[in-house]
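# Fold and geometry: a report
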Number of protein chains: 2
Amino acid sequence: MSVERSEHPFDAAVRVVALGGDRFAGHITPAYANMVGPFGGMIAAVLLNAVLSHASRQGDPVGLTVNFAAPITDDGFVVTARPVRTSRSTQHWMVELEQAGKIAATATAFLALRRPTWECTEALAPAAAAPATLAALPKGAFTPWINNYEMRFAHGALKLDGVEQDDSVSTLWVRDEPSRPLDFLSLAAMSDCFFPRHMTRRQRHTPGGTVSLTTYFHADAAAVTRQGAEPLLATAHASRFHATYYDQTAQLWGVDNTLLVVTHQLVYYRD
Amino acid sequence: MSVERSEHPFDAAVRVVALGGDRFAGHITPAYANMVGPFGGMIAAVLLNAVLSHASRQGDPVGLTVNFAAPITDDGFVVTARPVRTSRSTQHWMVELEQAGKIAATATAFLALRRPTWECTEALAPAAAAPATLAALPKGAFTPWINNYEMRFAHGALKLDGVEQDDSVSTLWVRDEPSRPLDFLSLAAMSDCFFPRHMTRRQRHTPGGTVSLTTYFHADAAAVTRQGAEPLLATAHASRFHATYYDQTAQLWGVDNTLLVVTHQLVYYRD
């Protein structure tokens, strides 16, 4: 008898089944549940998976914007991924996630075939102690999806002690738990790995949720492969909190000081 | 006889004509031409105008992502703006721009009715001398659309002298020319007012163009009105240039040190 190797929870949750044409069935497993509906990063990964699984796909993801329009329930859903314009080296996509006859999420994706050009990383990686010297966030903290990641905070951890911080900056090491080699799907999901900035800044538990998530992939396929299962150094901050919305800007850094992703989001929050 | 007041070039270029249902006709005037096709900021403004002109509109823009899928010619085009999900206080849109039977641009927009909440601006405005002390960019510089703006560079002007800079930061004062009171449409357009970061950094003229533009409006209607026709303080930088794509992050600041917009873009570039 063969020894069965169990599937990684990420692969189980991100899976899509081709329904023909532009349509794919998806079903995010309860392992990736958030407060209301699934972890937004997993929704982003599933929408991207529909694009990357499509017969017409050309190239690798460079830009992805996901809009969270309504809560998604534990039931299955259908993703429609439509290539709207393809050139020799670029491809634009429009994506919709439908559940119970209504659109619950939308996305646009940009794929490209990249070539070497003049190269420069202008941003600086944040300072952080080595992962082994930092405590891992205990299992069972906050909400279920977090159990699928190993997070080691170097700065700006969520304490919820009510002591307002001077800024909303968080810096942490993050990887899939159990450990899993990086791919574009897990990179898309990790772009949303941050606890909310409004809670980090105020250290109070108040309602909120991501409305729109934009991720720019500086990592090409070679960089994703090179990263393997090593932890990423992730850092995020907000620019302004105003009248129920704020923005977050974040970076994910990989091995050899490689800036893998720059990612931004618009977030709803309440007092 | 009444004295006719001529229409501002921005209003002429951004106009859309309702065709019924979700469809609007648009036609960007040559005044806003760029190297290839119209100025991307004006395309963003026209797509947003279709949303804001739609009978089902609810709220003001908070998030906007525009994808530039193909060059747009001087001919007219049709914009389809579709409200995909509306809640009590939020509204998600999908938008397509079609010309000659093909999709040339797409967008997603997020509108909301905002309420006062805990408020904080974490970002700091860039240092810049007062606009009156800085020279305005001469007319006729680079490409036509620039003539519709008054730009006064405090830092990181485009000299194209081939002397590579230490970073890609630019900071400038910008307003419509002739002067025009700010609205959400002109704010969307100004989010793309920056010369390309790859040219600013290397001070060389090389090909490139915006692929995707995401704008988060921290300005609500009251802040837009308060700004009037005063110049905005705009600052932009890139994080990484790699294999034909880089990202740009920018802020637009208004009177009373108000952060009006945070905006990001993904840009194609060649050597």
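Quantities reported herein were computed from a predicted structural model and do not represent experimental measurements.

## Looking at the overall build of chain A
In terms of regular secondary structure, chain A is built from 5 helices and 13 strands. Along the three orthogonal principal directions, the C-alpha set of chain A runs to about 55 × 55 × 45 Å. In chain A, the share of contacts with a sequence separation of at least 24, taken over all contacts with a separation of at least 6, comes to 69%. Of the roughly 10,500 Å² that chain A leaves accessible, carbon and sulfur atoms contribute 53%. Of the charged side chains in chain A, 22 are positive and 25 negative, and the gap between their average positions amounts to 4 Å.

## As for helix 2 (residues 40–53) of chain B
Between the first and last C-alpha of helix 2 of chain B there are 20 Å, a value that for 14 residues agrees with the 20 Å anticipated at 1.5 Å per step. With 13 of 14 residues buried, helix 2 of chain B is to be regarded as a mostly interior element.

## Concerning the side chain of Thr258(A)
If you trace the backbone, Thr258(A) turns up in strand 13 (residues 258–269). Since its relative accessible area comes to 10%, Thr258(A) is described here as buried. When neighbours within four sequence positions are excluded, Thr258(A) is seen to be in contact with Arg226(A), Leu252(A), Trp253(A) and Arg240(B).

## Considering the pattern of salt bridges
Applying the stated rule across the entire model yields 24 salt bridges over all chains. Residue Glu7(B) pairs with Arg15(B) through a salt bridge whose shortest N-O separation is 2.2 Å. Three or more residues joined by partner-sharing salt bridges are found here, namely Glu150(A), Arg152(A), Arg175(A) and Glu177(A).

## Section: the interface of chain B and chain A
Chain B puts 68 residues into the contact, and the matching count from chain A is 68 residues. Three residues stand out in chain B for area buried against chain A, namely Trp118(B), Glu122(B) and Arg240(B), and they jointly supply 14% of the buried area on that side. Remark: the boundary between chain B and chain A carries 6 salt bridges. Taking the shortest distance from any N to any O, the salt bridge between Glu122(A) and Arg201(B) comes out at 3.0 Å. On the surface where chain B and chain A come into contact, there are 50 residue pairs in polar contact (both at pLDDT 80 or more). Split by residue class, the side of chain B that touches chain A holds 29 nonpolar, 22 polar and 17 charged.

## Quick word on the pairing of strand 5 (residues 90–99) of chain B
All names here are of chain B. Within strand 5, 9 of the 10 residues are buried, which leaves it mostly tucked inside the rest of the structure. As judged from the 8 bridges shared by strand 4 (residues 77–86) and strand 5, these two strands associate in the antiparallel manner. Bridge pairing in strand 5 places Val 79 opposite Leu 97. Taken together, strand 4 and the strand that follows it, strand 5, pair antiparallel across an intervening segment of 3 residues.

## A few points about the side chain of Glu96(A)
Locating Glu96(A) in the fold gives a position in strand 5 (residues 90–99). Of note is the side chain of Glu96(A), whose polar atom sits 2.7 Å from the side chain of Arg82(B). Each residue touching Glu96(A), except ones within four places of it in the same chain, is listed here: Val78(A), Val79(A), Thr80(A), Ile103(A), Ala105(A), Thr106(A), Arg82(B) and Met94(B).

## Re the pairing of strand 9 (residues 170–176) of chain B
Regular strands show a simple pattern: their side chains alternate between the two faces of the sheet. Residues and elements named next belong to chain B. Counting buried residues in strand 9 gives 7 out of 7 residues, a clear majority hidden from the surface. Pairing geometry for strand 8 (residues 149–155) and strand 9, over 6 bridges, is antiparallel. Within strand 9, the position partnered with Phe 153 by the bridge is Leu 172. Where strand 9 lies against strand 11 (residues 232–242), 5 bridges are found, and the strand directions are antiparallel. By the bridge assignment for strand 11, Val 174 is matched with Leu 232.

## Regarding the environment of Phe184(B)
All names here are of chain B. Within the fold, Phe 184 resides in helix 3 (residues 184–190). Overall, the relative accessible area of 9% leaves Phe 184 in the buried class. Sequence separation between Phe 184 and Asp 60 is 124 residues, and the spatial gap between their C-alpha atoms is 8.3 Å. Sequence-distant contacts of Phe 184, that is, excluding residues within four places in its chain, are made with Leu 48, Leu 52, Asp 60, Pro 61, Phe 217, Ala 219, Asp 220, Ala 221 and Val 224.

## Structural notes on the relation of the copies chain B and chain A
Between the two copies, chain B and chain A, the superposition gives an RMSD of 0.0 Å; the rotation angle is 180° and the shift along the axis is 0.0 Å. Such values leave the two copies arranged in the relation of a two-fold axis. Mapped onto chain A, 100% of the interface residues of chain B are again interface residues, and the two copies thus contact each other with one and the same surface.

## Side note on the packing of aromatic side chains
Residues and elements named next belong to chain B. Summed over the entire model, instances satisfying the criterion amount to 28 aromatic pairs over all chains. With centroids separated by 6.2 Å and ring planes inclined at 80°, the aromatic side chains of Phe 10 and Tyr 32 adopt a geometry described as edge-to-face. Of the two residues, Phe 10 is situated in helix 1 (residues 9–14) and Tyr 32 in the loop between strand 2 (23–26) and helix 2; the sequence distance between them amounts to 22 residues. Across this residue pair, the class does not change: Phe 10 and Tyr 32 are buried.

## Here's the deal with the environment of Ala100(A)
Residues and elements named next belong to chain A. Note on placement: Ala 100 falls in the loop between strand 5 and strand 6 (102–112). The class for Ala 100 is exposed, based on a relative accessible area of 77%. For Ala 100 and Asn 67, which are 33 residues apart along the polypeptide, the C-alpha to C-alpha distance reads 18 Å.

## Some details on the confidence of the model for chain A
Low pLDDT means the predicted atomic positions in that stretch should not be read closely. Mean pLDDT over chain A stands at 96; residues scoring 70 or higher make up 98%. This prediction of the complex comes with two scores: 0.97 for pTM and 0.97 for ipTM.

About the criteria used
- Residues numbered from 1 in each chain as written.
- Chains lettered and ligands numbered in written order.
- Predicted model: local features only at pLDDT ≥ 70, side-chain atom pairs only at ≥ 80, totals over all residues.
- Heavy atoms only, no water.
- Helix = DSSP H or I, 4+ residues; strand = E, 2+ residues; numbered from the N terminus.
- Contact = heavy atoms within 4.5 Å.
- Areas by Shrake-Rupley, 256 points an atom, 1.4 Å probe, with all protein chains shown as cover.
- Lys, Arg positive; Asp, Glu negative; His and termini not counted.
- Charge placed at Lys NZ, Arg CZ, Asp CG, Glu CD.
- Expected span 1.5 Å × (residues − 1).
- Buried < 20%, exposed > 50% of the residue type's maximum accessible area, 1.4 Å probe, protein only.
- Salt bridge = Lys/Arg side-chain N within 4 Å of Asp/Glu carboxyl O.
- Buried area = accessible area lost by both parts, 1.4 Å probe.
- Polar contact = N/O pair within 3.5 Å; in protein donor to acceptor, adjacent residues only side chain to side chain.
- Nonpolar A, V, L, I, M, F, W, Y, C, P; charged D, E, K, R; others polar.
- Pairing = 2+ DSSP bridges.
- Least-squares fit on C-alpha atoms with pLDDT ≥ 70 in both.
- Phe/Tyr/Trp six-rings, centres within 6.5 Å; stacked < 30°, edge-to-face > 60°.
- pLDDT = per-residue confidence, 0-100.

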